[in-house]
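# Structural overview for review
So you can see what is in the structure, the chains are spelled out below.
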Amino acid sequence: MSIQRIQPGPRMSKAVVHGDTVYLAGQVAGAAAGKSVAEQTADILGIIDGLLAEAGTDKSKLLMVNIWLADMSTFAEMNAVWDKWVVAGATPGRATVEAKLAAPQFTVEIAVIAAK
């Protein structure tokens, strides 16, 4: 089975396609770094939409999502954006945990696995 790497870099690829499964690396807010959790979440979900499209799929085919929050007290703020974005009736498995992220300007990181 072939492996397709999307936006490969020296450390990681933004996404990897193997067979009919798409694995996205953890995404952080580029344009919204340092902004609110809601703004960062919206930015990240837009990035995810773009990467899924590049891989030939979309958010209706999400299988599993991992979300890291720098502060779990922002869970409801993140979910308010998530709930508007996720496809009703096609919600994935999901885990959300609190973690120290790579840099202080990032308060949300999201990684997804999707079917093609």
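Placed above this text is the structure.
This report concerns the structure included in the present document. Keep in mind that what you see is a predicted model, and the values were worked out from it rather than measured. (Residues numbered from 1 in each chain as written. Predicted model: local features only at pLDDT ≥ 70, side-chain atom pairs only at ≥ 80, totals over all residues. Heavy atoms only, no water.)

Right, let's talk about the packing of aromatic side chains for a bit. When we look at a pair of aromatic rings, we describe it by the centre distance and by the angle of the planes. By the definition in use, this model includes one aromatic pair. Aromatic pair tryptophan 82 and tryptophan 85: ring centres 5.3 Å apart, planes at 50°, arrangement tilted. Residue tryptophan 82 and its partner tryptophan 85 are both found in helix 2 (residues 75-85); the two are separated by three residues, about one turn of the helix. Here the two residues tryptophan 82 and tryptophan 85 agree in accessibility, since each one is buried. (Phe/Tyr/Trp six-rings, centres within 6.5 Å; stacked < 30°, edge-to-face > 60°. Helix = DSSP H or I, 4+ residues; strand = E, 2+ residues; numbered from the N terminus. Buried < 20%, exposed > 50% of the residue type's maximum accessible area, 1.4 Å probe, protein only.)

Okay, the sheet that holds strand 6 (residues 108-115) next. Read from one edge to the other, the open sheet built from six strands follows the order 1-2-3-6-4-5, with strand pairing classed as mixed. In this open sheet, the two strands that pair with only one neighbour each are strand 1 (3-8) and strand 5 (93-98). Direction aside, neighbouring strands of the sheet carry axes that sit 10° apart on average. With seven bridges joining them, strand 4 (residues 62-69) and strand 6 adopt antiparallel strand pairing. Bridging across to strand 6, tryptophan 68 finds its partner in glutamate 109. This element, helix 1 (residues 37-54), spans strand 1, strand 2 (13-18), strand 3 (21-24), strand 4 and strand 6 of the sheet and lies at about 30° to strand 6. (Pairing = 2+ DSSP bridges. Axes fitted to C-alpha atoms, helices over the stretch in contact; angles between N-to-C directions. Contact = heavy atoms within 4.5 Å.)

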